[in-house]
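Reading the structure
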Amino acid sequence: MAVKNRKIKCKYFLKGVPASPGIAISKVFKLKGESIRIDPTILKDSSVDDEVEKFVKAVERSKSELKSLQSKVAHRVGQENAKIFDVHQLLLEDSVIIEETINAITKENRSAEFAFYNVMQKYEDTLNGSTADHFQNRTSDLRDVKRRVIRHIQGDRTDHLNQLSGSAVIVTNDLTPSDAVMLDRRKVFGFATDLGGRTSHAAIMARSMEVPAVVGLRRVFALVQEGDRIIIDGSEGKVLVQPDEKTIKHYRQLQEKYYDTNRKLEEVRNLKSLTLDGKEIELSANLEFTDEVESVKSHGAKGVGLYRTDYIYLAKKELPTEEEQFQEYRKIVKKIAPDSVIIRTMDLGGDKLPESFLIPPQENPFLGWRAIRISLARKDIFNTQLRAILRVGAVGNVKILLPMISGLDEIHECKKLIESAKSELQKEGIKYDPNIEIGAIIEVPSAALLADRIAREVDFLSIGTNDLVQYLLAVDRGNERIAYLYQHLHPAVLRMIKQIIVAGHQEGVWVGMCGEMASDPLATLILIGMDLDEFSVSPIAVPEIKKMIRSTEYREAARIAKKVLQFERPSEVERFMTKIVRKKFKDLI
Amino acid sequence: MVKKIVQIKNKLGLHARPALLFVNTAAKFEADVYLGRDDHEVNGKSIMGVMMLAAEMGSKLTITVKGLDEKKAIKALIELIENKFNEE
């Protein structure tokens, strides 16, 4: 499977589970893990006692090895991470395993390694049959113990990792906890494994040691040769075997960038998003998939300003049930707590509708049956989602956000449906948040013009610039011929945004922004100056925007916003802002 | 004999580390400890047994304790589960 595309050229390209972020570029060191040879011969009765003794001694040796391993590990990566070896120690003291093995030796005349292997395998299979992913991952503990004891039965005392001379990427079938912690950080640049998931020990250890890792690659061990050139992208879950020089160069740049971003992150992660003169601006993150939830916190965002729930409807053919939605939302809400999560109700229909909605393609989908229009027509689907959101409101801090609102009738209708979902839950005795806050996305020009009236009906407004710009300027941004007309720095767009913010504040509600404009550095100062209360941007953009907020005076931003609103053309705004931003934030652009 | 049904509350369930804590706590008492899930019961002092229950978050387990210090033992074990094994 040789791969050629613009930037990537290599012998094999594999995708796995990103287990620990970062990029490693190095040579392959193949760590042979599971290649245990088991002797199946039946023993003579006379040698059975010797075999039992061999087994008991191997267990004793394993236990003392574990003891010294544990103190090394505790020293290197902390007491908490070393606890796993207590589990191994206790497993070797478990009478069940010992007795079953001795029984198989004495009653079936099996060799010690055969007997022990089979006993351990039986338990491993049981755990593998378990449904939860992290229990399957935990079989690596059993494999680790199995391997250690069998190594001692066979009289092999060498630690494979000691054979590692130069620096390398460890490629193995499955990295056991003992392998993972014995990695010498100075020599090991990363690892790639066939088995394992994000919660496997290997992944957890790798993250705590800050070694990049990709797991669950299925067949990387079989494909690579000792000494092959290899690139591991632990952030994206990619592995490239035998890349060419150009690819290596490309990845060196990515590696630099990764270090750079990390440094930036470190600097501002725990700082507040305050302007120099002390105005606090909420900086939250947009969330599209469950796995992004970790990066919301690690990038220093305060809560989720826009949780797009559409993926739940696209994941499978049938419509998602209330319980499925509740469980999914709950995972996210609990992770973000105590900060708030703003859940946007279904916003499908713009490009493609899942089969479960049973409608033919539309002539003009962006002006068609989409988002709240579907929800109000298919009240069954909407009710299911509202119930799930209301329920998760009882678990943490949750707000509802309604997309594609174009007038007041839709707001009234939605509020009525929310109230009836509440009384259903009340009657059924199910916990929910009776005071859940409701917000409207302002993304249709008619709603923008009526923002003051809509604000009276809701608790907050969120400006959705992606669609607002497209509808206001009548530009399909997917159409390449006219894409140049899609400009969020257009004076008409800026005027409209200003008007929405003023209208919201006049009616006493806060106003946020969840479109791409919120993460454009050229727009940041203007928006601060227009009194926008909240920016919701993609997690990666958070540190940059936070830095800009922190190095700006609100008074200055207000002056800039005022000035910009007098311009007539987008190009004037852009030129003016580029000059200011270049001067003020040299290192950012 | 004392008996109590408990629900696992920590996110990762009764995986290796919580199993270790459970077994170590059970071992501090004279009484025999059994842990059951559905119709399957294991020795609460055997780590392999406890791990094999593969009890994920939300699963219901029956703790049965028999012996002189059974009241103290069951109290300590329930507390451990209620405190989510100090994991969260």
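Residues numbered from 1 in each chain as written. Chains lettered and ligands numbered in written order. Predicted model: local features only at pLDDT ≥ 70, side-chain atom pairs only at ≥ 80, totals over all residues. Heavy atoms only, no water.

**Some points on the overall build of chain A**
The helix and strand tally for chain A stands at 25 helices and 17 strands. Summarising its shape, the C-alpha atoms of chain A cover approximately 95 × 60 × 45 Å along the three principal directions. Looking at chain A as a whole, 54% of its 589 residues are labelled buried. Of the contacts made within chain A by residues no fewer than 6 positions apart, 68% connect residues no fewer than 24 positions apart. (Helix = DSSP H or I, 4+ residues; strand = E, 2+ residues; numbered from the N terminus. Buried < 20%, exposed > 50% of the residue type's maximum accessible area, 1.4 Å probe, protein only. Contact = heavy atoms within 4.5 Å.)

**Some thoughts on the overall build of chain B**
The helix and strand inventory of chain B stands at 3 helices and 4 strands. Counting from the amino terminus, helix and strand elements in chain B follow one another as β-α-β-β-α-β-α. For chain B, the C-alpha radius of gyration of 11 Å lies close to 12 Å, the compact-globule estimate for 88 residues. Principal-axis analysis of the C-alpha atoms gives chain B an extent of 35 × 25 × 20 Å. Across the 88 residues of chain B, 55% fall into the buried class. Carbon and sulfur atoms make up 48% of the accessible area of chain B, which amounts to about 4,300 Å² in all. Across chain B, the 14 positively charged side chains and the 12 negatively charged ones have centroids separated by 4 Å. (Rg over C-alpha atoms; globule rule 2.2 N^0.38 Å. Areas by Shrake-Rupley, 256 points an atom, 1.4 Å probe, with all protein chains shown as cover. Lys, Arg positive; Asp, Glu negative; His and termini not counted. Charge placed at Lys NZ, Arg CZ, Asp CG, Glu CD.)

**Considerations on the domain arrangement of chain A**
Looking at the assigned domains, one finds that chain A contains domain 1 (45–153) and domain 2 (279–539). A C-alpha centroid distance of 53 Å is found between domain 1 of chain A and domain 2 of chain A. (Domains from an automatic or database assignment.)

**A look at the nonpolar core**
The biggest cluster of nonpolar side chains holds 103 residues, and the ones touching the most others in it are Y307, L461, I500 and F535 of chain A. A82 of chain A together with L14, M52 and V65 of chain B belong to the second largest nonpolar core, which has 64 residues in total. (Core = buried A, V, L, I, M, F, W, Y, C linked by side-chain atoms within 4.5 Å.)

**Description of the sheet that holds strand β2 (residues 32–37) of chain B**
Residue and element names in this part refer to chain B. Pairing is antiparallel in the open sheet, where 4 strands are placed in the order β1-β4-β2-β3. On the outer flanks of this sheet lie β1 (2–7) and β3 (40–43), each paired with one strand and no other. Strand-to-strand twist across the sheet, computed as the mean angle between neighbouring axes with direction ignored, equals 25°. As judged from the 5 bridges shared by β2 and strand β4 (residues 60–66), these two strands associate in the antiparallel manner. Bridging from a neighbouring strand, V33 pairs with V65 of β4. (Pairing = 2+ DSSP bridges. Axes fitted to C-alpha atoms, helices over the stretch in contact; angles between N-to-C directions.)

**So, the packing of helix α16 (residues 379–392) of chain A against helix α17 (residues 408–428) of chain A**
Residue and element names in this part refer to chain A. Where α16 meets α17, the axes come as close as 9 Å, and the angle between the chain directions of the two elements is 60°. Seen along the crossing, α16 lies across α17 with a hand that is right-handed. Packed against α16, whose contacting residues are K379, F382, N383, L386, R387, L390 and R391, the element α17 presents E413, C414, L417, I418, A421, K422, E424, L425 and E428 at the interface. The class makeup of the residues in the contact of α16 with α17 is 8 nonpolar, 1 polar and 7 charged. (Left-handed = near helix turned anticlockwise from the far one by under 90°. Nonpolar A, V, L, I, M, F, W, Y, C, P; charged D, E, K, R; others polar.)

**Focus on the packing of aromatic side chains**
All names here are of chain A. Taken as a whole and assessed by the stated rule, the structure comprises 6 aromatic pairs over all chains. A centroid spacing of 6.3 Å and a plane angle of 40° characterise the contact between Y307 and Y311, whose relative ring orientation is tilted. Y311 sits in the buried class, given a relative accessible area of 15%. If you follow K122 out to its NZ or CZ, it ends over the ring of Y123, 4.9 Å from the centre. Its end group placed over the ring of F326, R391 keeps NZ or CZ at 4.1 Å from the ring centre. (Phe/Tyr/Trp six-rings, centres within 6.5 Å; stacked < 30°, edge-to-face > 60°. Lys NZ or Arg CZ within 6 Å of the ring centre and 35° of its normal.)

**A look at the pairing of strand β10 (residues 282–287) of chain A**
Residue and element names in this part refer to chain A. Burial analysis of β10 places 5 of its 6 residues in the buried class, the great majority of the element. In the sheet, β10 pairs with strand β17 (residues 534–537) via 4 bridges, with the strands oriented parallel. When the sheet's bridge partners are listed, A285 is paired in β17 with V537. One ladder, built from 3 bridges, connects β10 with strand β11 (residues 304–308); its direction is parallel. The residue of β11 that forms the bridge with L287 is Y307.

**A word on the sheet that holds strand β12 (residues 341–344) of chain A**
Spatially, 8 strands are ordered β10-β11-β12-β13-β14-β15-β16-β17 (chain A) in a closed barrel, and the strand pairing comes out parallel. Direction aside, neighbouring strands of the sheet carry axes that sit 25° apart on average.

**Notes on the state of the cysteines**
Tallying each qualifying case throughout the model produces 0 disulfides over all chains. Here C414 of chain A stays free of any disulfide, with the sulfur of C514 of chain A as its closest cysteine sulfur at 16 Å. (Disulfide = S-S within 2.5 Å.)

**Some details on the interface of chain A and chain B**
Counting from both sides, the interface comprises 23 residues of chain A and, opposite them, 20 residues of chain B. Between chain A and chain B the total buried area reaches about 1,700 Å² when both faces are included, carbon and sulfur atoms providing 77% of it. One can count 0 salt bridges joining chain A with chain B. At the surface where chain A touches chain B, the tally comes to 3 residue pairs in polar contact (both at pLDDT 80 or more). With 5 residues, the single largest contributor to the side of chain A that touches chain B is helix α3 (residues 84–93) of chain A. Partitioning the side of chain A that touches chain B into residue classes produces 12 nonpolar, 4 polar and 7 charged. (Buried area = accessible area lost by both parts, 1.4 Å probe. Salt bridge = Lys/Arg side-chain N within 4 Å of Asp/Glu carboxyl O. Polar contact = N/O pair within 3.5 Å; in protein donor to acceptor, adjacent residues only side chain to side chain.)

**With respect to the packing of helix α14 (residues 322–336) of chain A against α16 of chain A**
Residue and element names in this part refer to chain A. As a packed pair, α14 and α16 sit with axes 9 Å apart at the nearest point and diverge in direction by 35°. When the axes of α14 and α16 are compared, the crossing they make is right-handed. Across the interface between the two elements, E322, E323, Q325, F326, Y329, R330 and V333 of α14 pack against T384, Q385, R387, A388, I389, R391 and V392 of α16.

**Here we look at the pairing of strand β4 (residues 23–31) of chain A**
Residues and elements named next belong to chain A. With 8 of its 9 residues buried, β4 lies for the most part within the structure. Direction of pairing for β4 relative to strand β8 (residues 229–233): antiparallel, over a ladder of 5 bridges. Residue pairing across strands places A24 opposite I232, the latter belonging to β8. When β4 meets strand β5 (residues 168–172), the two strands line up parallel, connected through 4 bridges. Residue V28 lies in a different strand from β5, and its bridge partner there is V169.

**A few points about the environment of G197 of chain A**
The residue G197 of chain A is located in the loop between β6 (188–193) and α9 (201–209) in this model. Separated by 18 residues in sequence, G197 of chain A and V215 of chain A place their C-alpha atoms 6.2 Å apart.

**Description of helix α11 (residues 245–268) of chain A**
Relative to the 34 Å expected for 24 residues at 1.5 Å per residue, α11 of chain A spans 35 Å between its end C-alpha atoms, a close match to the ideal helical length. Where α11 of chain A is buried, its residues meet β2 (9–15), β4, β8, β9 (238–243), α12 (293–298) and α23 (542–550) of chain A. (Expected span 1.5 Å × (residues − 1).)

**With respect to the environment of D32 of chain B**
Residues and elements named next belong to chain B. Mapped onto the elements, D32 comes out in strand β2. Of the residues examined, D32 reaches a relative accessible area of 41% and is grouped as partly exposed. Once the C-alpha coordinates of D32 and E70 are considered, the two residues, 38 residues apart in sequence, prove to be 8.0 Å apart. Once residues within four sequence positions are removed from consideration, D32 is found in contact with T64, V65 and K66.

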